[in-house]
Amino acid sequence: MNRMEDGKETGKVWLVGAGPGSCDLLTVKAKRLLGEGDCIVYDRLVGEEVLSMIPSGKEMIGVGKAAGRHAVPQEEINRILVREAKLGKKVVRLKGGDPFLFGRGGEEAEALCRERIPFEVVPGISSSLAVPAYNGIPVTHRDYVSDVHIITGHHRAGKSQTIPYEALVKTKGTLVFLMGVSALEEIMNGLCNAGMDGDTPAAILQQGTTAKQRRVVATVGTLTQIAREQQIKAPATIVVGEVCRLADQFAWYPKLPLFGEKFLVTRPYGRDTSLQERLRELGAEVLTAPTIRTEPVREEALLRAIETEMKRLFRYQVLAFTSPYGVERFFELLLEHGMDIRAVSHMRFAAIGQGTAAKLRERGICADFVPEHFDGESLGRLLAGTLEDGARILLARSLRGGKEILEEIEKNPMLGYVDLAVYDTLVSMETEEMLRSFMRTGTVTGVIFTSSSTVEGFCRMMGDYPYGTVKAVCMGEKTVKEARAAGMAARAAKNATVEALIECVMGEV
């Protein structure tokens, strides 16, 4: 930290490129800074996927144009950056694409220099390269062209367009125009008037790298009319040149099986992200908006119960877990009470499903009991029908865990159990505004629920909403019942695994 003249410590600003939209195209450093920053100042061109990756609890300041609201003037953005940094914060200025390519990052850097605010620049993948690539257009190709020119199509307020059309035409290189949708006709006419053949291939690429990606390939002479007929809207990238002929042949992204689909995943932050990763591999856009959060129990009575059971672990023959977080929290409690894995070495272990069993394997433990169907009822039935008379079970799970597992165990009166609450599951209202903004757009094609509590949290946060429009993919019968009770069109995966969820998703599209 630097010190200002009044002795206060000043923070720092990072001018960070968020890329063209897909969170898979965010740089490693940018992703790290989103987790470390105190204050995120973001543009409207930052992709929803990227915004959904930002941990809850961050101070978020939107400075882009939104429905019914004009963009914050650049001078005011500069003041915001300086103000927040002088408060000692780590400020992440998140900008679509690259901050120094038509992103006005240079103006922000000047303002920071004037105020002696330390800053760094984190380059981002520019839409000028990424969007054509996602549409099968290589901006250079040895058989077609060896140079590319990137031009802004945006008029500066109060000034006329100053694009050097004649110079651009003479280069015979690929031309990429950013922010040029509203000026498309002017740009195409300018190129023709400067001597470009009207039959030169040209393309306009809408919302590249996202579920709403669209491509129109025509010619300089016809692109304006066809784009108007196709109702192409901003943000879009314009590409002019022979390489546009390759679009149909090279267009790999639209060929992925889930291209054009946008899924909302409601599981908590910090949980396994393999579901999101698998969906993106298949071409989907994936937003993460947790509707619940898990945290250690804090009530004095519950803490006393934990302390009691930690002192008499020797009495139990089976330790049962109904979630991956239950495993994590239990072993944290062992350490907090001055114990380690040796305290449970005499036990056998039960896991509700493969995800929970995987958490045990991370600790060198193979689960002895895993039911065929990954739900509480099936695990309870398995234990009741398998364990020897007199066996005692310790269940380490959520305070709000379902009763199904207990009801099944109680069918065998020769077994004993203690239901120990080691964590609580709460509605995560911190993401309410983000969740509502995602659903308001009407572009989410499916919502994925991994537990009945995620459905409950979703409905609490959305309030009065037309749930009949929601297509839900659910993990477990209890979850699908909860979703249908809310009015959603819901399907259940065959089992509580990522692959089963993916199979269910594929059946929906």
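Everything numeric here is computed off the predicted structure, so don't read it as measured data. (Residues numbered from 1 in each chain as written. Predicted model: local features only at pLDDT ≥ 70, side-chain atom pairs only at ≥ 80, totals over all residues. Heavy atoms only, no water.)

**Student:** Residue-level account of the overall build of the protein, with values.
**Tutor:** Within the protein, the regular secondary structure consists of 19 helices and 22 strands. Taken along the three principal axes of its C-alpha coordinates, the protein extends 90 × 60 × 45 Å. Among the 509 residues that make up the protein, the fraction classed as buried is 50%. Expressed as a percentage of contacts within the protein between residues at least 6 apart in sequence, the contacts between residues at least 24 apart total 69%. If you sum the accessible surface of the protein, you get close to 23900 Å²; carbon and sulfur atoms cover 50% of it. The positive charge centre, built from 64 side chains, and the negative charge centre, built from 66, are 2 Å apart in the protein. (Helix = DSSP H or I, 4+ residues; strand = E, 2+ residues; numbered from the N terminus. Buried < 20%, exposed > 50% of the residue type's maximum accessible area, 1.4 Å probe, protein only. Contact = heavy atoms within 4.5 Å. Areas by Shrake-Rupley, 256 points an atom, 1.4 Å probe, with all protein chains shown as cover. Lys, Arg positive; Asp, Glu negative; His and termini not counted. Charge placed at Lys NZ, Arg CZ, Asp CG, Glu CD.)

**Student:** Break down the packing of aromatic side chains for me, citing the residues and quoting the values.
**Tutor:** Geometry of an aromatic ring pair is reported as the spacing of the ring centres plus the angle between the planes. With the rule as written, the count across this model stands at 11 aromatic pairs. Here Y134 and Y253 contribute two aromatic rings whose centre-to-centre distance is 4.8 Å and whose plane-to-plane angle is 70 degrees, an arrangement assigned as edge-to-face. Of the two residues, Y134 is situated in helix α5 (residues 127-134) and Y253 in the loop between α9 (247-250) and β13 (262-265); the sequence distance between them amounts to 119 residues. Note on Y134: relative accessible area 14%, which makes it buried. Geometrically, the ring pair formed by Y325 and Y423 is edge-to-face, given 4.9 Å between the ring centres and 85 degrees between the ring planes. Here Y423 lies in strand β19 (residues 416-427) and Y325 lies in helix α12 (residues 324-336), a separation of 98 residues in the sequence. (Phe/Tyr/Trp six-rings, centres within 6.5 Å; stacked < 30°, edge-to-face > 60°.)

**Student:** An account of the sheet that holds strand β20 (residues 446-449) is needed here, citing residue identities and associated values.
**Tutor:** Strand order in the open sheet formed by five strands is β14-β13-β20-β21-β22, and the pairing between neighbours is parallel. The strands lining the two open edges of the sheet, one partner per strand, are β14 (285-288) and β22 (489-492). Averaged over all neighbouring strand pairs, the angle between strand axes comes to 25 degrees, with direction disregarded. Strand direction decides the pairing type here: β20 and strand β21 (residues 471-474), joined by three bridges, are parallel. Within β21, the position partnered with V447 by the bridge is A472. (Pairing = 2+ DSSP bridges. Axes fitted to C-alpha atoms, helices over the stretch in contact; angles between N-to-C directions.)

**Student:** Go over unusual backbone geometry with me, naming the residues and quoting the values.
**Tutor:** Cis geometry is adopted by the peptide bond preceding P235, which originates at A234 and carries an omega value of 0 degrees. Within the secondary structure layout, P235 lies in the loop between α8 (223-229) and β12 (236-240). In this structure, R104 is a non-glycine residue whose phi angle is positive, near 60 degrees. With respect to the helices, strands and loops of the structure, R104 is situated in the loop between β6 (90-95) and α4 (105-114). Residue class for R104 comes out partly exposed when judged on its relative accessible area of 41%. Even without being glycine, Q207 reaches a positive phi, approximately 45 degrees. Residue position: Q207 is located in the loop between β10 (201-206) and β11 (214-219).

**Student:** If you had to explain the pairing of strand β3 (residues 12-17) to someone new, which residues and values would you point to?
**Tutor:** Of all six residues in β3, five are buried, a share of seventy percent or more. Where β3 meets β6, six bridges bridge the pair, whose relative direction is parallel. Bridge pairing in β6 links K12 to K90. Taken together, the four bridges between β3 and strand β7 (residues 119-122) define a ladder with parallel strand orientation. Bridge pairing links L15 to V121 in β7.

**Student:** Could you give an account of the nonpolar core, with specific residues and numbers?
**Tutor:** In summary, soluble globular proteins display a tendency toward joint burial of nonpolar side chains. Within the largest apolar cluster, 28 residues are counted, with the highest numbers of intra-cluster contacts made by F321, F330 and F331. No other element matches α12, which puts six residues into this core. When near neighbours in sequence (up to four residues on either side) are disregarded, F330 contacts M310, L313, L319, F321, V344, L394 and A396. Ranked by size, the runner-up nonpolar core spans 25 residues in total, among them V447, F458, Y465 and M488. (Core = buried A, V, L, I, M, F, W, Y, C linked by side-chain atoms within 4.5 Å.)

**Student:** How would you explain the pattern of salt bridges if you had to name every residue and give the values?
**Tutor:** All told, the structure shown has 38 salt bridges when counted by the stated rule. Measuring nitrogen to oxygen at the nearest pair gives 3.0 Å for the salt bridge that ties E328 to K359. Of this pair, E328 sits in helix α12 while K359 sits in helix α13 (residues 354-361), placing them 31 residues apart in sequence. Note that D340 is salt-bridged to R342, the shortest N-O span being 2.8 Å. (Salt bridge = Lys/Arg side-chain N within 4 Å of Asp/Glu carboxyl O.)

**Student:** Quick one: what's the story with the packing of helix α16 (residues 432-440) against helix α17 (residues 452-462), residue by residue and with numbers?
**Tutor:** Closest axis-to-axis distance for the α16/α17 pair is 9 Å, and the angle between their directions is 85 degrees. Viewed along their axes, α16 and α17 adopt a mutual orientation that is roughly perpendicular. Contact residues: α16 offers E432, L435, R436 and M439, while α17 offers F458, M461 and M462. (Parallel < 35°, antiparallel > 145°, perpendicular 65-115°, else oblique.)

**Student:** Which residues make up the packing of α12 against α13, and what values go with them?
**Tutor:** The description of two packed helices rests on the angle between their axes and on the distance between the axes. Between α12 and α13, the shortest axis-to-axis distance is 7 Å and the interhelical angle comes to 25 degrees. Relative to α13, the element α12 lies roughly parallel. From α12, P324, V327, E328 and F331 reach across to α13, where they touch G355, T356, K359 and L360. Class assignment for the residues of the contact of α12 with α13 results in four nonpolar, two polar and two charged. (Nonpolar A, V, L, I, M, F, W, Y, C, P; charged D, E, K, R; others polar.)

**Student:** Describe the environment of L33, and please don't skip the residues or the numbers.
**Tutor:** One can find L33 in helix α1 (residues 28-36). Relative accessible area serves as the criterion here: at 3%, L33 is assigned to the buried category. The sequence separation of L33 and L101 amounts to 68 residues, and the corresponding C-alpha distance is 20 Å. For L33, the residues in contact, after removing those within four places along its chain, are W14, V16, V92 and V122.

**Student:** Go over helix α3 (residues 74-86) with me, naming the residues and quoting the values.
**Tutor:** Compared with an ideal rise of 1.5 Å per residue, which puts 13 residues at 18 Å, α3 spans 18 Å between its outermost C-alpha atoms and is within 8% of the ideal. Within the span of α3, buried status applies to Q74, I77, N78, I80, L81, V82, E84 and A85. Here the buried face of α3 lies against β2 (9-10), β3, β4 (39-42), β5 (59-62), β6 and α4. Just downstream of α3, G88 is the residue with a positive phi angle, here 90 degrees. (Expected span 1.5 Å × (residues − 1).)

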